[in-house]
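Residue-level structural notes
Listed here are the chains, written in short residue letters.
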Amino acid sequence: GTYTVTESVSLPQGYTHTAEYTVKVNEGDPTTGATATLTKDGDTATVAITNTYKPSEGDLVIRKAITGNAKTGSETGTFYFKVTMTGPAPMLTTDVKTKEYDIEGSSTKAAFTNGVAVVSLTVTSGSTPDELKIVGLPAGLQCTVEEVKDAQGTSLTETDKDTSSFLQCVCR
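Residues numbered from 1 in each chain as written. Predicted model: local features only at pLDDT ≥ 70, side-chain atom pairs only at ≥ 80, totals over all residues. Heavy atoms only, no water.

It is worth spelling out the pattern of salt bridges at this point. Overall, the coordinates contain five salt bridges when judged by the stated rule. With its nearest N and O atoms 4.0 Å apart, the salt bridge here joins Glu-146 to Lys-82. A residue pair is termed long-range when its members are at least 10 positions apart, and Glu-146 in strand β12 (residues 142-148) and Lys-82 in strand β7 (residues 77-87) qualify at 64 residues. With a relative accessible area of 31%, Glu-146 lands in the partly exposed category. You can call Lys-82 partly exposed: its relative accessible area is 24%. Across the pair Lys-109 and Asp-102 runs a salt bridge, and its minimum N-O distance is 2.3 Å. When its relative accessible area of 36% is taken as the criterion, Lys-109 is described as partly exposed. The class for Asp-102 is partly exposed, based on a relative accessible area of 39%. (Salt bridge = Lys/Arg side-chain N within 4 Å of Asp/Glu carboxyl O. Helix = DSSP H or I, 4+ residues; strand = E, 2+ residues; numbered from the N terminus. Buried < 20%, exposed > 50% of the residue type's maximum accessible area, 1.4 Å probe, protein only.)

In structure tokens form, the structure reads like this:
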């Protein structure tokens, strides 16, 4: 006869699921794939199922533009942003909080330690926002983004702040 192995999976919100089946008939070589179908009569078959649960992925986009009469006297420059992961708590595992995430179009990574990373964005076009996109973050992750003074994450003082700048953060 023919036998098909299927399973029903209830996923937590924000996760994807893949299953890989390994079938071994008698003492033959195992075959692996996304489905398992047994078609031999009278043989002994073993099916091993490996379920992989992975958070769905999302992106964090930071946009920055400078308009008007900037304090720096320039509409261009390198700006630093501290990104802090804030929740939800079940997502904030060590694997998520201490990881290097890709920055689209750059060889530089967003290196998170204990849920915090400082990233830089070079603004080149003045009033047209330039953007930085951190990719591969768990979908649904909540973050705060704060413009900071330098790569060490030093907070801006009131005199450092520039009211002619525009900052936008979008989680997708």
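Within the largest apolar cluster, 22 residues are counted, with the highest numbers of intra-cluster contacts made by Val-83, Met-85, Phe-112, Val-119, Ile-134 and Leu-137. At the level of secondary structure, the elements contributing two or more residues to this core comprise β6 (57-66), β7, β8 (100-103), β10 (116-123) and β11 (130-138). Excluding residues that lie within four positions of it along the chain, Val-83 makes contacts with Leu-60, Ile-62, Phe-112, Gly-115, Val-116, Ala-117, Val-119, Ile-134, Cys-143, Thr-144 and Val-145. (Core = buried A, V, L, I, M, F, W, Y, C linked by side-chain atoms within 4.5 Å. Contact = heavy atoms within 4.5 Å.)

Of the two faces of β10, the one lined by Ala-117, Val-119, Leu-121 and Val-123 is fully buried and the one lined by Val-116, Val-118, Ser-120 and Thr-122 carries no buried residue. Judged from the eight bridges that link them, β7 and β10 form a sheet pairing that is antiparallel. Residue pairing in the sheet places Lys-82 in a bridge with Val-118 of β10. (Pairing = 2+ DSSP bridges.)

So, on to the sheet that holds β7. With antiparallel pairing, the three strands of this open sheet are ordered in space as β10-β7-β12. Of all strands in the sheet, those with a lone pairing partner are β10 and β12, marking the two edges. Looking at each pair of strands side by side, their axes are set apart by 30 degrees on average, direction ignored. Inspection of the sheet shows β7 paired to β12 by seven bridges, in the antiparallel sense. For Val-83, the partnering residue across the bridge sits in β12 and is Val-145. (Axes fitted to C-alpha atoms, helices over the stretch in contact; angles between N-to-C directions.)

On to a nonpolar patch on the surface. Taken together, the side chains of Leu-11, Tyr-15 and Tyr-53 make up a nonpolar region of the molecular surface, amounting to roughly 260 Å² of accessible area. Tracing the backbone through its elements, the reader meets Tyr-53 in strand β5 (residues 45-55). Relative accessible area serves as the criterion here: at 41%, Tyr-53 is assigned to the partly exposed category. (Patch = residues over 30% accessible without salt bridge, like charges linked within 9 Å, V, L, I, M, F, W, Y side chains within 5 Å. Areas by Shrake-Rupley, 256 points an atom, 1.4 Å probe, with all protein chains shown as cover.)

Tallied over the full model, the rule gives one aromatic pair. Centroid distance Tyr-101 to Phe-112: 5.6 Å. Interplanar angle 85 degrees. Geometry classified as edge-to-face. Residue Tyr-101 is found in strand β8, and its partner Phe-112 is found in the loop between β9 (109-111) and β10; the two are separated by 11 residues along the sequence. For Tyr-101, a relative accessible area of 3% corresponds to the buried category. On the accessibility criterion, Phe-112 (3% relative accessible area) is buried. The ring of Phe-79 carries Lys-64 above its face, with NZ or CZ at 4.8 Å from the centroid. (Phe/Tyr/Trp six-rings, centres within 6.5 Å; stacked < 30°, edge-to-face > 60°. Lys NZ or Arg CZ within 6 Å of the ring centre and 35° of its normal.)

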